[in-house]
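# Close look at the chain arrangement
One-letter residues, chain by chain:
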Amino acid sequence: MDDIDAMFSDLLGEMDLLTQSLGENTEPPHPSLPSTDKEVNFSIGFTDLNESLNELEDNDLDALMNDLMADLNASEEKLAAEIEGLKPTPKADLPQSAPTAPKGPSPSLPHPTPSLPSPASPESGSSRTVTSPASSATSPLPPPQSSKPSMEEIEAQVKADKIKLALEKLKEAKVKKLVVKVMLNDGSSKTLMVDERQNVREVLENMFEKTHCDCNVNWSLCETNHELQLERLFEDHENMVEPLLAWTRDSENQVLFKEMPEKYEVFKNPQNFYLWKKDRKTLKDMKDKDKEILIKENFCGTSIIVPDLEGVLHLKEDGKKSWKQRLFQLRASGIYYVPKGKTKSSRDLVCFVQFDNVNVYYGQDFKSKYKAPTDFCFVLKHPQIQKESQYIKYLCCDDARTMKLWVTGIRIAKYGAALYENFKASEKKAAVNAMFSNRNSPSSSSQSTPSPTIKAKSPSQANGHAPQPSGGTITQDLGDIPPPPPPPSDHTFSHPPPGSGSSPPPPPPLAAKNSIKLHPKHRQPASRSPASPASLDPLPSPPPPPPTEDSSDAPPDFLPPPPPAANFPPPPPSAACFPPPPPLSSMPLPPPPAALDLPPPPPDPSFLPPPLPPQAFTGAGAPPPPPPPPPTAAPPPLGAGPKLAVRSSGSLKKTPPVPPKRTTPSLQGAGGGGGEGGGDGDFMSELMLAMRKKRGNV
Amino acid sequence: VKLIQSACSCFRMAVWDLSVTVEDLGADAPPVTLSVTSDLHVGGVILKLVQKTREFDWSDHALWWEQKQKWLLRTAWALEKYGIHADARLVFMPQHKPLKLGLPNGKTVQLRASFSSPVFQTVIGICRMLNIRHPEELSLLRPVEEKRKKKDKDITEELYDLTGVPLSSVSRPSMYNGMPAHFVDSAEMEAVYKMLSVTQPPPAPEVVAKQYRPASVVDKAHINGRWLDSSRSLLQQGIQENDRLWLRFKYHAFYDIEPKYDVVRLTQLYEQARWAILLEDIDCTEEEMMLFGALQYHISKVAQSEPQLLASTAAMDDLESALQSLEVKLEGESSSASEMLDNMTAPELNDYLKIFRPKRLTLKGYKLYWVKFQDTSISYFKSKEESFGEPIQQINLKGCEVAPDVNIAANKFLIRLLIPSPEGMNEVYLRCEDEEQYAQWMAACRLASKGKSLADSSYQSEIQSISSFLAMQKTKSGSHGKTPAADESINTHSLVSPRYHKKYKAKQLTPRILDAYQNVSLLTLTDAIMRFLQIWQSLPDFGLAYVVVRFKGSRKDEVLGIAPNKLIRIDLGVGDVVKTWRYNNMKQWNVNWDIKQMAIEFEGNINIAFSCVTAECRIVHEFIGGYIFMSTRNRENSNTLNEELFHKLTGGHEAL
């Protein structure tokens, strides 16, 4: 045990050292944003940094900044909490640290809150709470966990907890983050940071906030493979970062954010998949109650039933340009074909592919690329494969409908119950959003707040919590955590200040063409406010530093010391220092959070209000309600610093892309789900009728 | 008026002799003769009878009218009302009699079942005794006569006796430690419960091979002619005391499976599914068969190694606590500090292995390298001495495919890796020297392919399961397959249907099953059973009960498949599904008992009619009605079984 203690303190010491050194570096950051980027990028290939930087719009930068700040804040909080737990230190530290958290939505959100600095106690408090839950969600918070293992001796437990904590932290340091550029339909793009632990659903929610779209269930994130001309929609439960890491350095792949009606089509019109052999009219006239029965039968039983698909498809022969026909059958265990001269009996089937290691992709324009019989092609391949290979299976269908059947069928076989769960979650989200937007519609204009803030707060968002930033490219652990104080009080943070802040150029990482880049978070911090924390905010000073310091942990094991990191100028720590002006208090919290789920009341005057509501939300701790959709985008108005002007314009531009809000569909969907009971009743009464008749007959 | 009437009837009613055979007096005893009048009610007859005979517990007895094959259960009815005259032959006998019941797991229990209530209720009683929930999904059928060769005759099968269970405890069972109290009474009873709740070891291949296997859809149809009628009693259907019947899951719509309460139900369901697969009662592909085989292997192994489960004292409770402790264990393991520490000190494997990369155009073959396995990657070096420098190559195994290629006899321990890269898949073979090395590296490769490192808590168990699987192959090949020697080893032929006995030798089969096994080797017992059931349920032909029918207007026999949610029409010539009708589109269904034809009307004016060839119309009718009944179950009333509705839906007019 002693050893462990010793080790533990060693680790802490090391972390401190690291952070400090990082902090020193920070100063230089502002000037050459691009340069930093380069280093960062490095991780994942990019072709032209500058270009990509230029491509990024101000909004993106701002948003990114916000994300990063949120991360920092969260991580700092967490650290503070951890430390508290570790050392018997008084809680006092925590609170202080909290206030410090100036979030950094700097530019973008010009929060009107001029009053910022006041570390309003209430606010700070609220902000803290917010974060902490978040962090816990993401990663096992250290201290609390102790309760579980009550069986063990307490002492041992305490030690174990400490160790755990330390390890936990170290682990966190390993967390990778990617900066992802997501293309929208209108050609614009959004850039966001994705934590390697985030799933697609979380990223989607992020996008919802950024785009203020209607959140209907069709919204999807897709990846395209430029070289192979493939496209695939990510399932909501999938890890977001993993597939992106498979891209090659020079890849021109993209992530798209768009509506894909086929994503959950099977739950909206199950008959088209499960009764596909029926004639079109029957399918079209299918009663809702029958649809429900179908869903229940196939998705709510002990096992998921895969649509009964069988048919002739064209298969591209290995390495040849020719396509030959084969009779394929879809089963839960894979795709099979009937060998020549054999019957369709199950035992004669030959396995063509099983789904464990492959994903299904839509092929695009295969007629010209591969001389396919039609353009309705799909492909099965291991996600890692990015170039032409004999291990890719190309199939071609006669028409679009057949292709949809197969692709959906394969997804059902591969993902099973998860698909339905995803759908239910999306539907719920859409419904809530619809409700929310309806209610608020009038005030929406005012709501334009900086979406990012919200995000940061909402517990669901990984970014928010992800406490420790880390990594640049391959695992850089660079920074872990700048201790910027806690939370989210982004808004509060006055952005203007940032301007004022030494680091004007928010250097958000830009997404290069590739869109993805790993950035070490630190960098952000650096950019943010190089200004020494202390100087800026008086208040915060005490707390932040200590905790944060540990950030860089360094057990050699994990950290492959990435060279890039070294270069890395931006010292996270600085961020920490960041002024913790918790402006919140100042803000008009019109809608005091009361924690209601309800949408925030229309805040005051146009500008600021919106942001607050969300905060209230999360702050209140109302966990369940999905983060209120951030409606509109118009925020720029406030004038805060000089930058404002620019920014606002930027923001304006962006807004346009916002997808249309369609609330209705989602509502309907939700409604549909509810009706089961009725259906049953119907069925029974019909049954009774039938029985009566029968009896009569007899 | 009443008085007068009764006075009149007394007057009018002549006294006559009713003779009643009392079964308990012995077969040779003469019938007891009672003087009765026609207005005497049945209860009065019984009273007289009891008074005339010795002291005995008659509480379970009732009168059976032999000629009419009918129970006189309404004691308030007068003889007149039943239409009983002096020529009636009545038998006074217990309503519950012993029955030999073949269970889905192949074992036979002897228990007292009701011969007087409708089979539906009889099954409810049986299931209550055996602790199986949702008895409506099960029913009884006449067994297929086994062709017994003479020499087999002496083999008396083991009989698990439950006839001693008091009927009162069946009607209202008290639970003790999660199992019915009557199973706690004695060691024998506990043994019965163990048989019911623990999966059986895989049968010897010869046993499987000897059993009847349906060769065609028509063969499969025959079994369905054997179901008893749920609306009539056993005695009415000619079942005698100590006859043998099968208890099976009939309606394949398994509701609300809850492992905690359904130990016996799950076990028996698994057994039924397993036999359905082994006997090819349901078709599956070769890949699926291998997975079923792997799961069977795993289930039997885990069932044997989880003694708590078998422990007689408190089976159910133990299950729960076993599950819990398992969970705790897993949680502890995955997140404990020590585990994380391990993680940090990243365990690694280092050894000389032979590597071969078939894709490179070289013909060099295997070459010896110093190989290092760390995290999820392998790196290789020319020699140990150079292992501190840059490796010749480093390969991350995450997401790769791992296939075994082992032949113990030939001392071949090969791990085939198919490693994804942007350009495609790269093949790499690792050749190990011996079993031990193989098990370690194989386990590491498998975990790495799932993104787990050597530090993962499952590493050791993975190694173990690989070695035990190898050991199994070894004993087999060692004994040259002469005798299924020890019970410790399992013949892989026991895990697959006889078709594969011919297709593959045991040693060819082992790697294939092993391959499938890697995906299931870490499941808990319950999870493994559930997985088995899920895969079974997702087979395309799952739940189909076949009946040969002749559609109205058609001249040839066709097959009707009755599924939980639909009817399908199968053309015997092609073997293809020609048509599908779903129950939720059904408007009404009728039976014309005279011409034995069933007519069904669906929405959209679709009418079908058919007569049944391999089963009575009644059976088909009950099947369809039964499935509709199953679909009416829901959460709110899951505790009460609406028996009346069941009979309405299944009985046709006949029962009403």
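Everything here concerns the structure above.
Residues numbered from 1 in each chain as written. Chains lettered and ligands numbered in written order. Predicted model: local features only at pLDDT ≥ 70, side-chain atom pairs only at ≥ 80, totals over all residues. Heavy atoms only, no water.

This part covers the packing of helix α6 (residues 187-197) of chain B against helix α9 (residues 263-278) of chain B. Residues and elements named next belong to chain B. With their axes 7 Å apart at the nearest point, α6 and α9 run at an angle of 55° to one another. For the element pair α6 / α9, the angle class is oblique. Together, Tyr 193, Met 195, Leu 196 and Ser 197 of α6 and Val 263, Val 264, Thr 267 and Gln 268 of α9 make up the contact between the two elements. Of the residues assigned to the contact of α6 with α9, the class counts are five nonpolar, three polar and no charged. (Axes fitted to C-alpha atoms, helices over the stretch in contact; angles between N-to-C directions. Helix = DSSP H or I, 4+ residues; strand = E, 2+ residues; numbered from the N terminus. Parallel < 35°, antiparallel > 145°, perpendicular 65-115°, else oblique. Contact = heavy atoms within 4.5 Å. Nonpolar A, V, L, I, M, F, W, Y, C, P; charged D, E, K, R; others polar.)

All names here are of chain B. Strand order across the open sheet formed by seven strands is β23-β22-β21-β20-β26-β25-β24, with antiparallel pairing between neighbours. The open sheet has two free edges, formed respectively by β23 (576-582) and β24 (586-592), since each of these has just one partner strand. Averaged over all neighbouring strand pairs, the angle between strand axes comes to 35°, with direction disregarded. By the bridge criterion, four bridges tie strand β21 (residues 558-562) to strand β22 (residues 566-571) in an arrangement that is antiparallel. Following the sheet pairing, Ile 562 is matched in β22 by Leu 567. Each of β20 (545-551), β21, β22, β24, β25 (597-602) and β26 (606-612) is contacted by helix α19 (residues 617-631), which is oriented at about 155° to β24, the strand it contacts most. (Pairing = 2+ DSSP bridges.)

Formed by 117 residues in total, the largest nonpolar core has its most connected members in Leu 140, Phe 373, Leu 397, Ile 415, Leu 417, Tyr 438 and Trp 536 of chain B. Judged by nonpolar contacts, the second largest core, of 44 residues, contains Leu 315, Ile 335, Tyr 362 and Leu 419 of chain A. (Core = buried A, V, L, I, M, F, W, Y, C linked by side-chain atoms within 4.5 Å. Buried < 20%, exposed > 50% of the residue type's maximum accessible area, 1.4 Å probe, protein only.)

What follows covers the packing of aromatic side chains. Tallied over the entire structure, the rule returns 43 aromatic pairs over all chains. Geometrically, the ring pair formed by Tyr 251 of chain B and Phe 623 of chain B is edge-to-face, given 5.7 Å between the ring centres and 75° between the ring planes. Linking Tyr 251 of chain B in the loop between β12 (244-249) and α9 with Phe 623 of chain B in helix α19, this pair joins segments that are 372 residues apart in sequence. Put simply, the rings of Tyr 264, Phe 267, Tyr 274, Phe 299, Tyr 420 and Phe 423 of chain A pair up and form one aromatic cluster. Note that Lys 316 of chain A overlies the ring of Tyr 394 of chain A, its terminal NZ or CZ placed 4.8 Å from the centroid. Lying over the aromatic face of Phe 623 of chain B, Lys 250 of chain B brings its terminal NZ or CZ to 4.9 Å of the ring centre. (Phe/Tyr/Trp six-rings, centres within 6.5 Å; stacked < 30°, edge-to-face > 60°. Lys NZ or Arg CZ within 6 Å of the ring centre and 35° of its normal.)

Residues and elements named next belong to chain A. Within the secondary structure, Glu 317 sits in the loop between β6 (310-316) and β7 (323-331). Of note is the side chain of Glu 317, whose polar atom sits 2.9 Å from the side chain of Ser 322. If we ignore the near neighbours within four places in the chain, the residues touching Glu 317 are Ser 322 and Lys 324. (Polar contact = N/O pair within 3.5 Å; in protein donor to acceptor, adjacent residues only side chain to side chain.)

On to α9 of chain B. Residue and element names in this part refer to chain B. Here α9 contains 16 residues, and its C-alpha end-to-end distance of 22 Å stays within 8% of the 22 Å for a straight helix at 1.5 Å per residue. A large share of α9 lies buried, amounting to 16 of its 16 residues. With its phi angle positive at about 60°, Glu 280 sits one or two positions after the end of α9. (Expected span 1.5 Å × (residues − 1).)

Here the focus is the environment of His 493 of chain B. Residues and elements named next belong to chain B. Assignment of secondary structure puts His 493 in the loop between α15 (459-478) and α16 (498-503). Remark: the alpha-carbon pair of His 493 and Gly 293, spanning 200 residues in sequence, is separated by 8.9 Å. Leaving out residues up to four positions away in the same chain, His 493 has contacts with Pro 205, Tyr 500, His 501, Tyr 504, Lys 505, Ala 506 and Leu 509. Within the structure, the side chain of His 493 is placed 2.9 Å from the backbone oxygen of Tyr 504, a separation counted as a polar contact.

Turning our eyes to something else, we now look at unusual backbone geometry. Positive phi, normally seen in glycine, also occurs at Cys 215 of chain A, with a value near 65°. Within the fold, Cys 215 of chain A resides in the loop between α8 (200-211) and β3 (219-225). For Asn 242 of chain B, which is not glycine, the phi torsion reads 65° and is therefore positive. Inspection of the secondary structure puts Asn 242 of chain B in the loop between α8 (217-222) and β12. Judged by its relative accessible area of 32%, Asn 242 of chain B is partly exposed.

What follows deals with the sheet that holds β12 of chain B. Two pairing modes exist for strands in a sheet, parallel and antiparallel, and in both the strands are linked by backbone hydrogen bonds. Residue and element names in this part refer to chain B. Taken in spatial order, the five strands make up an open sheet running β8-β12-β6-β7-β9, and their pairing is mixed. Across the chains shown, the open sheet's two edge strands, defined by having one partner strand only, are β8 (138-141) and β9 (159-161). Each neighbouring strand pair of the sheet contributes to a mean axis angle of 40°, computed without reference to strand direction. Helix-sheet contacts for α6 involve β7 (108-114) and β9, and the interaxial angle to β9 is about 120°.

Take the packing of α9 of chain B against helix α10 (residues 286-305) of chain B next. Residues and elements named next belong to chain B. For the pair α9 and α10, interaxial distance at closest approach is 11 Å and the crossing angle is 140°. Comparing the axis directions of α9 and α10 gives the class oblique. In the crossing of α9 with α10, the sense of the turn from one axis to the other is left-handed. Listed contacts from α10 to Tyr 270, Arg 274, Ile 277 and Leu 278 of α9 are Met 289, Phe 292, Gln 296 and Ile 299. Its residues placed into classes, the contact of α9 with α10 shows six nonpolar, one polar and one charged. (Left-handed = near helix turned anticlockwise from the far one by under 90°.)

According to the stated counting rule, one finds 48 salt bridges over all chains in the structure shown. In this structure, Asp 195 of chain A and Arg 197 of chain A form a salt bridge, with 2.8 Å as the shortest nitrogen-oxygen distance. Given the relative accessible area of 31%, Arg 197 of chain A is considered partly exposed. For the salt bridge of Asp 236 of chain A with Arg 201 of chain A, the shortest nitrogen-to-oxygen distance reads 3.0 Å. Of this pair, Asp 236 of chain A sits in the loop between β4 (230-233) and α9 (241-245) while Arg 201 of chain A sits in helix α8; the two residues are 35 residues apart in sequence, bridging distant segments of the chain. In this pair, the class of Asp 236 of chain A matches that of Arg 201 of chain A, namely buried. Shared partners join several salt bridges into a network, and the residues in it are Arg 133, Glu 136, Glu 137, Asp 256, Asp 262, Arg 265 and Arg 633 of chain B. (Salt bridge = Lys/Arg side-chain N within 4 Å of Asp/Glu carboxyl O.)

The next thing to look at is the pairing of strand β5 (residues 254-259) of chain A. Residue and element names in this part refer to chain A. Summarising the sheet, strand β1 (residues 177-184) and β5 pair through three bridges and their orientation is parallel. Looking across to β5, one finds that Val 182 is bridged to Val 255. Relative to β5, β3 runs antiparallel, the two sharing six bridges. Bridged to Trp 219 within β5 is Glu 259.

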